[in-house]
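Examination of the molecular architecture
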Amino acid sequence: MRLLSSLKHDESERGIFHLGRALVKNGHTSIIVASADKDNDLVKRLERDGNIYHQLHMNKKSWLSLLQVNTLRRLVEKHSPDVIHIHSRTPAWILHLALKRAKIKRMPKLVSTMYGFYPINKYSQALLDVDTIITVSDSVTNYLKRGLRREEADPKVIKRIYRGVDTRRYPYRHNPSVYWLRHTFAEYPELEHKKWLVFPTIIGNEYGQEWLIDILGNLQEDFPLIHAIIMDEDYRESDVAHEDFRQRANALGLAERITYVGSKRNDMREWLSAANIVMALANQPESIGINALQAIHLGTPVVGWDQAAFSEILQPLYPQGLVKKYNAVALCKTVRHQLESVTRPEMTNEFTMREMISETLAVYNALHDQALLEEQLLLNASAAKRVKKQLKADNPMVESSHKRVSNTKVELLKKPPKAMGDSKIILKKQTGRSNHSSTSPNPSQEKTVNKEGTNKSSTPQ
């Protein structure tokens, strides 16, 4: 059973569909609980692949989500899953509350995934109180370990599993269709015959769109065909970051070199494959970097900061695209080099969806095996207890005799030695003759012991 707040982040980050299909293919029962409606296209896709879907509104950071505790408890009791995978913090809290009074034969093993640098606080605690935590990159793993040490929390079982790319959907050196290109040029005629710098995210303080102004301003004379494409709307009301970027671009005369193509698109693959360079310029450390990873698998050059997930992706796959973070001069130099001499990333089998699914299934199987082992140990302990109890019932006399012997030993050990009086005790040396002999002992062999314990022989030695 997997719990999600929504299905908006589908195969791009979480591999929900591919993982569900793999579970069903391997003979498992895949149950998905999320807030999407039954007639949603993503839900229909899940059910078509053989998943069991239940709608449950567990919206992020909403107190109303707590109303779903009883409903989730009934679902857990109905399906009795061996493993429950939590993909968000709000569902994690609802699950922990639901399991407290759940009437199930065996408690399920819990696994959660940290998709970002979540604050290590009370709200995230439910996501951490699990059997195994999956992190999406080494940078998230290191962040989590530091946070756990700072909070003096118990060490957790942490497994790093990179997000993967479906290589069938993002094949190497994919080219957009002629139809797509004609349609795009008809909608955005300013893009024809230009060098595309694709910025694959929306505009925001943390996404680094302001670095495009440095690139365009410094390189427009040497590369007059350079053009930036931003995956965002051309206008958003009451958005300070968006308005600030537009005003700066207009003030510097760069507005004509920027095109906004909107954020809700289903042709991201075509934009990434048609780009000359894909920009990865997030100001805050990126935990996944899925767009950069998809571009690498398509064979498109990527230029990004040498930090967090971008560094983990580009270092082994395309190191020439790494730039010392927050350095405008180095950034412009790297972009110039890529435009002058195009060097494409090589085909790779790393960071694939198949690898991600295989490692995730291994975590599930390990947790299930652990649950079976714990159950067997409990059965063995219970059986040993019953055998011991039966032996006591069948042999009460043996048990009581054992107790008497034991008590006698303790009493003898605790009994104080007899006090010796002033009378002398005669010790007789053993002789080879029998005690029943009528012959009296030799007086010369007698010894006396006085009160002080000093041996005195009755005859001279």
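Along each chain, the written sequence defines residue order, and numbers are assigned to residues from 1. Predicted model: local features are reported for residues with pLDDT of at least 70 only, side-chain atom pairs are reported and counted for 80 or more only, and whole-chain, interface and lining totals are derived from all residues. In computing side-chain properties, one takes all heavy atoms of the structure into account and sets aside hydrogens as well as water.

The subject of this paragraph is the nonpolar core. L95 and W271 are the most contacted members of the largest nonpolar core, which totals 64 residues. Looking at this core, the element that brings in the most residues is helix α11 (residues 290-298), giving six residues. As used here, the term nonpolar core means buried Ala, Val, Leu, Ile, Met, Phe, Trp, Tyr and Cys residues forming a set that is joined through side-chain atoms within 4.5 Å. Burial here depends on accessible area, computed with a 1.4 Å probe over protein chains only, as a share of the maximum for the residue type. Under 20% is buried, over 50% is exposed, and the range in between is partly exposed. One finds F199, L281, V303 and V335 within the second-largest nonpolar core, a separate group that totals 27 residues. Runs of H or I in DSSP of at least four residues are treated as helices and runs of E of at least two as strands, each being numbered from the N terminus.

Here we take up the sheet that holds strand β11 (residues 277-280). DSSP bridges decide pairing: two strands pair if at least two such bridges lie between them. Spatially, β10-β9-β8-β11-β12-β13 is the arrangement adopted by the six strands of the open sheet, whose pairing is parallel. Strand pairing shows two members of the sheet lacking a second neighbour, β10 (258-260) and β13 (322-323), which therefore form its edges. Pairing analysis gives five bridges linking strand β8 (residues 195-199) to strand β9 (residues 226-230), with the strands arranged parallel. Counted as the bridge partner of F199 is I230 from β9.

This part covers the confidence of the model for the protein. Detailed reading of the predicted coordinates is not advisable wherever pLDDT is low. Confidence in the prediction for the protein averages 84 pLDDT; 84% of positions are at 70 or higher. Least confident of the elements in the protein is strand β15 (residues 446-449), whose mean pLDDT is 40; most confident is β9, at 97. With pLDDT under 50 throughout, residues 408-415 is counted as low confidence; its partners more than four residues away or in other chains account for zero contacts. A residue's pLDDT is simply how confident the predictor is in it, with values from 0 to 100. The contact criterion used throughout is that any non-hydrogen atoms of two residues lie within 4.5 Å.

Sheets are built from strands that pair by backbone hydrogen bonding, the pairs being arranged parallel or antiparallel. Spatial ordering of the open sheet is given by β3-β2-β1-β4-β5-β6-β7, a layout of seven strands whose pairing is parallel. Every other strand in the sheet has two partners, leaving β3 (52-55) and β7 (158-160) as the edge strands with one partner each. Inspection of the sheet shows strand β6 (residues 132-135) paired to β7 by three bridges, in the parallel sense. Residue I134 lies in a different strand from β7, and its bridge partner there is K159. Here, axes are lines fitted to C-alpha atoms. For helices the fit covers the stretch in contact, and angles between N-to-C directions go from 0 to 180 degrees. Where helix α3 (residues 69-79) meets the sheet, it contacts β1 (2-3), β2 (31-34), β3 and β4 (83-86), and its direction lies at approximately 160° from that of β3.

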